[in-house]
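# Observations on the model geometry
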Amino acid sequence: MLLDKSRAQVVVEINQTASRFKSSIVIITDNQTIDAKSILGLTYSILNSKSFKLEIHGPDEDEAKVAMSSVFWKHSLPVEVV
């Protein structure tokens, strides 16, 4: 599957949002664990997964959970915060 412009924008927006926070932000999909601050990992997960779980831990985790969930829902990507 190719990375079209809209998917590339999703990857960049998720990465930029995650990078604003000090907390660890991990995306869990299909038995894979991906650092949301990794463009390569995000590209793979966005292309190959249908649902996502966010695991966020750190000093600003409450704000990160809200911001990250918003990005996923904005792009119609089902997400669960665990």
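About the criteria used
Residues numbered from 1 in each chain as written. Predicted model: local features only at pLDDT ≥ 70, side-chain atom pairs only at ≥ 80, totals over all residues. Heavy atoms only, no water. Helix = DSSP H or I, 4+ residues; strand = E, 2+ residues; numbered from the N terminus. Rg over C-alpha atoms; globule rule 2.2 N^0.38 Å. Buried < 20%, exposed > 50% of the residue type's maximum accessible area, 1.4 Å probe, protein only. Contact = heavy atoms within 4.5 Å. Expected span 1.5 Å × (residues − 1). Arc of directions from axis to C-beta. Axes fitted to C-alpha atoms, helices over the stretch in contact; angles between N-to-C directions. Parallel < 35°, antiparallel > 145°, perpendicular 65-115°, else oblique. Nonpolar A, V, L, I, M, F, W, Y, C, P; charged D, E, K, R; others polar. Pairing = 2+ DSSP bridges.

## Re the overall build of the chain
When its secondary structure is counted, the chain shows three helices and four strands. When the helices and strands of the chain are listed from N to C terminus, the series reads α-β-β-α-β-α-β. The C-alpha atoms of the chain give 11 Å as radius of gyration, which agrees with the globular expectation for 82 residues (12 Å, within 12%). Based on the C-alpha atoms only, the size of the chain along its principal axes is roughly 35 × 25 × 20 Å. When each of the 82 residues of the chain is scored for burial, the buried share is 40%. Within the chain, residue pairs in contact and separated by at least 24 positions form 60% of the contacts whose partners lie at least 6 positions apart.

## Some details on helix H1 (residues 5-19)
For H1, built from 15 residues, the straight-helix expectation of 21 Å at 1.5 Å per residue is met to within 8% by its first-to-last C-alpha distance of 21 Å. Those residues of H1 lying buried are Val10, Val11, Ile14, Asn15, Thr17 and Ala18. For H1, the angular spread of buried residues about the axis comes to 165°, placing them on one side. Of the residues in H1, the exposed ones pointing more than 90 degrees away from the buried face are Lys5 and Gln16. In this structure, the buried side of H1 is in contact with strand E1 (24-29), helix H2 (39-48) and helix H3 (61-74).

## Some words on the packing of H1 against H3
Two elements in contact, H1 and H3, have axes separated by 10 Å at closest approach and are oriented at 170°. When the axis of H1 is compared with that of H3, the two are roughly antiparallel. Contacts between H1 and H3 involve Glu13, Ile14, Thr17 and Ala18 on the former and, on the latter, Ala67, Met68, Val71, Phe72 and Lys74. Residue composition of the contact of H1 with H3, grouped by class: six nonpolar, one polar and two charged.

## Examining the sheet that holds strand E2 (residues 32-35)
A sheet is described by the order of its strands in space; here four strands give the open sequence E2-E1-E3-E4, paired in mixed fashion. Each having just a single partner strand, E2 and strand E4 (79-81) make up the two edges of the open sheet. Across this sheet, the average inter-strand angle for adjacent strands is 25°, counted without regard to direction. Direction of pairing for E1 relative to E2: antiparallel, over a ladder of four bridges. Within the sheet, the bridge partner assigned to Ile27 lies in E2 and is Ile34. The strands touched by H2 within the sheet are E1, E2 and strand E3 (52-57), with E2 carrying the most contacts at an inclination of about 135°.

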